[in-house]
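One-letter residues, chain by chain:
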Amino acid sequence: MHASSAFLDSVPGVQLSPALAATGAYPFVKLEQAKRRLAAAGVDLIDFGKGDPREPTDPMIRRALAESLTEISTYPLAEGLPELRSAVAAWCARRFGVGLDSDTEIVPTYGSKEAIFLLAQIVVDRESEKRLVVTTQPGYPVPDRGATFAGADVERLPLLEEHGFLIDLDTVPEETWERAAIVWLNYPNNPTGAVAPVEFLRRAAELSREYEFLLASDEAYSELWFDAPPHSALEVREEGNVAVFNTLSKRSSMTGYRSGFVAADAELIAALKQYRPSVGTAPQEFVQRASIVAWNDEEHVERTRDAYRRKREALLPTLARRGVRVAGGGATMFLWLEVPGAESSEEFAARLLEHGLIVSPGTFFGPAGEGYWRVALVPTEAECRRAAEILEQVL
Ligand SMILES: Cc1ncc(COP(=O)(O)O)c(C=O)c1O
């Protein structure tokens, strides 16, 4: 018996996975608890915490979902509907100028989170010397957690402001690249909003070829930009071993639908198609049919970007007036801001919470997030204006 296992009192002898203990509570669970406490105390809360869009899903997409409900419901196949794979390939061609074979190089996923979490199960041999998964921090915790559950080693490289929140590829020790099975990138980046230049993506792809690892690029925010459309690692796939993960969650405000895809070379996609039926994470076919409509349309995405732009503009003048520096970049639904004064990130976030503003302390995304706070622009524009008035008083 493991000495550390205080688990399942009702079923003696059953152990918790050590990986579960190692990962701890998902940080946003803590925020949810604080939110309930304050709501119960009657505090009027504006929630800039979790990045769950509250923009309406376009009526055309909702209609497509409703019209696709069938009398008889069967299991969706892991390979997905050919029409959806074709719509994704056509979108990648229009958006990034790349040609993908929709039969062999794309697989639909149940949102992108599960696919990001599960990748290490397929790509890492836990008995091998080459079992390192490289992730970045501050960052989205799911690649790390998935790697831990898969028995991989995890190394979290810091994203520093002085490097534009990009991995400083030239200073990473050669030994790290040599041990790496997967290197994760996430641009546009959650939480920093940073965007990766195509030269950076190309160099990372070249390294993946030189050191024989998979470059896994989480591009969940590729469509939420305010300056110029960000690049995709798909554009450099000829230079290395590249797998791209994207989703309709943020692009089309469809978090609840659970619809994304992985695009990669045929060998990896075949492995995913072999593995995924065991997990059962294919999106429902009515969701796939609604997804086709979503990938085929850009107008609703432009409207979504405009909505986020207006929310940014509701807050930025106040922040500037109160001397809060925007540290992060110009994409995603997030503002990555420097904590003013001497408070820690958590102290600062706790203080805002008492005034009804829920924000994430930078440390939720790893120790490199200390000194920063993240605002997820998910409340309404009116709430953003009200928050600006509160910040005017509090900062
Ligand atoms: C960086 C990043 N990647 C992936 C996801 C997963 O989104 P979904 O599973 O809804 O596609 C999120 C969600 O918040 C995210 O922030």
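Residues numbered from 1 in each chain as written. Predicted model: local features only at pLDDT ≥ 70, side-chain atom pairs only at ≥ 80, totals over all residues. Heavy atoms only, no water.

J.: Sorry if this is basic, but what is going on with the overall build of the protein here?
T.: In terms of helices and strands, the protein carries 14 helices and 12 strands. For the protein, the C-alpha radius of gyration of 21 Å lies close to 21 Å, the compact-globule estimate for 395 residues. Across its three principal directions, the C-alpha atoms of the protein cover 55 × 55 × 55 Å. Per-residue burial for the protein yields a buried fraction of 53% across its 395 residues. As displayed, the protein has an accessible area near 17300 Å², and 51% of this comes from carbon and sulfur atoms. (Helix = DSSP H or I, 4+ residues; strand = E, 2+ residues; numbered from the N terminus. Rg over C-alpha atoms; globule rule 2.2 N^0.38 Å. Buried < 20%, exposed > 50% of the residue type's maximum accessible area, 1.4 Å probe, protein only. Areas by Shrake-Rupley, 256 points an atom, 1.4 Å probe, with all protein chains shown as cover.)

J.: Before we go on, may I ask you to explain the layout of surface pockets in this structure?
T.: Unfilled space is identified by rolling a water-sized probe across the atoms. The calculated volume of the second largest pocket comes to roughly 290 Å³. Along its surface, the second largest pocket is lined by 17 residues, and T23, P141, R145, R156 and F364 are the ones closest to its centre. For the lining of the second largest pocket, the elements supplying multiple residues, two or more each, are α1 (18–23), α2 (27–40) and α6 (142–149). Within the lining of the second largest pocket, the residues separate by chemical class into 7 nonpolar, 5 polar and 5 charged. Each of two domains, domain 1 (18–56 + 300–394) and domain 2 (73–295), supplies a minimum of three residues to the lining of the second largest pocket. (1 Å grid on protein atoms, 1.4 Å probe; cavity = no way out; pocket = protein on both sides within 12 Å on 5 of 7 lines; lining within 4 Å. Points joined across faces, edges and corners; volume = space filled by probe spheres on them. Nonpolar A, V, L, I, M, F, W, Y, C, P; charged D, E, K, R; others polar. Domains from an automatic or database assignment.)

J.: Just to check I follow, could you spell out the site of the ligand for this structure?
T.: The immediate surroundings of the ligand are formed by 14 residues, with S112, D218, T247, S249 and R258 found nearest. R258 has a polar side-chain atom sitting 2.7 Å from an oxygen atom of the ligand. Out of a free accessible area of 390 Å², the ligand has 91% covered by protein chains. Residue composition of the shell around the ligand, by class: 4 nonpolar, 6 polar and 4 charged. (Near = heavy atom within 4 Å. Polar contact = N/O pair within 3.5 Å; in protein donor to acceptor, adjacent residues only side chain to side chain.)

J.: I would appreciate a short explanation of the domain arrangement of the protein in the present structure.
T.: Interfaces are often sized by the accessible area lost when the parts come together. One can read the domain layout of the protein as domain 1 (18–56 + 300–394) and domain 2 (73–295). Using only C-alpha atoms to locate each centre, domain 1 and domain 2 end up separated by 26 Å. Between domain 1 and domain 2, a total of about 3000 Å² is buried, with carbon and sulfur atoms accounting for 60% of that surface. At the boundary of domain 1 and domain 2, one finds 1 salt bridge. (Buried area = accessible area lost by both parts, 1.4 Å probe. Salt bridge = Lys/Arg side-chain N within 4 Å of Asp/Glu carboxyl O.)

J.: Even after reading the chapter, I still don't get the pattern of salt bridges, so can you show me in this structure?
T.: Should their charged atoms come close, side chains of opposite charge can pair. Under the counting rule described, the total for this entry stands at 24 salt bridges. For R95, the salt bridge is made with E223, and the minimal N-O distance between the two is 2.9 Å. Here R95, found in helix α4 (residues 82–96), pairs with E223, found in the loop between β6 (214–218) and β7 (242–247); they are 128 residues apart in sequence, far enough to count as distant. With respect to burial, R95 and E223 carry one shared label: buried. Residue R321 is joined to E392 by a salt bridge in which the shortest nitrogen-to-oxygen separation is 3.0 Å. Within this pair, whereas R321 is found in helix α12 (residues 299–321), its partner E392 is found in helix α14 (residues 381–394), the two being separated by 71 residues in sequence. With a relative accessible area of 54%, R321 lands in the exposed category. Several salt bridges converge on common partners, so that one network encompasses R131, D153, E175 and R179.

J.: Is there a simple way to think about the confidence of the model for the protein in this case?
T.: Low pLDDT marks regions whose predicted coordinates should not be analysed in detail. With 97% of its residues at a pLDDT of 70 or more, the protein has an overall mean of 94. Taken as a whole, residues 1–5 scores under 50 in pLDDT and shows 4 contacts with residues more than four places along the chain or in a different chain. (pLDDT = per-residue confidence, 0-100. Contact = heavy atoms within 4.5 Å.)

J.: What exactly am I supposed to notice about the side chain of T281 here?
T.: Position of T281 among the secondary structure elements: in the loop between α10 (266–279) and α11 (285–295). Looking at T281, the relative accessible area reads 13%, which means it is buried. Ignoring sequence-local partners within four residues, the contact set of T281 consists of T109, Y110, E114 and R276.

J.: So what exactly am I meant to see when it comes to the sheet that holds strand β12 (residues 372–376) here?
T.: The strands that make up a sheet are held in pairs by hydrogen bonds between backbone atoms, and each pair lies either parallel or antiparallel. If you trace the 3 strands from one edge of the open sheet to the other, you get β9-β12-β11, paired in antiparallel fashion. In the strand order of this sheet, the two ends are held by β9 (334–338) and β11 (360–361), each with one partner. (Pairing = 2+ DSSP bridges.)

J.: What is the right way to look at the side chain of R305 in this model?
T.: Structurally, R305 can be placed in helix α12. It turns out R305 is buried and unbridged, and the closest side chain with the opposite charge, E223, is 4.3 Å from it. A polar atom in the side chain of R305 sits 2.9 Å from the backbone oxygen of E223. Non-local contacts of R305, meaning those with residues more than four positions away in its chain, are made with E223, L224, W225 and F226. (Lys, Arg positive; Asp, Glu negative; His and termini not counted.)

J.: Before we go on, may I ask you to explain the sheet that holds β6 in this structure?
T.: An order of β2-β8-β7-β6-β5-β3-β4 is seen for the 7 strands of this open sheet, with the pairing classed as mixed. A single partner strand is all that each edge strand has here, and the edge strands are β2 (106–109) and β4 (153–158). Recorded for the sheet is a direction-independent mean angle of 20 degrees between the axes of neighbouring strands. Relative to strand β8 (residues 260–263), β2 is paired through 4 bridges, and the arrangement is antiparallel. Each residue of the ladder has a partner; that of I106, found in β8, is A263. α4 contacts β2, β7 and β8 of the sheet and is inclined by roughly 110 degrees relative to β2. (Axes fitted to C-alpha atoms, helices over the stretch in contact; angles between N-to-C directions.)

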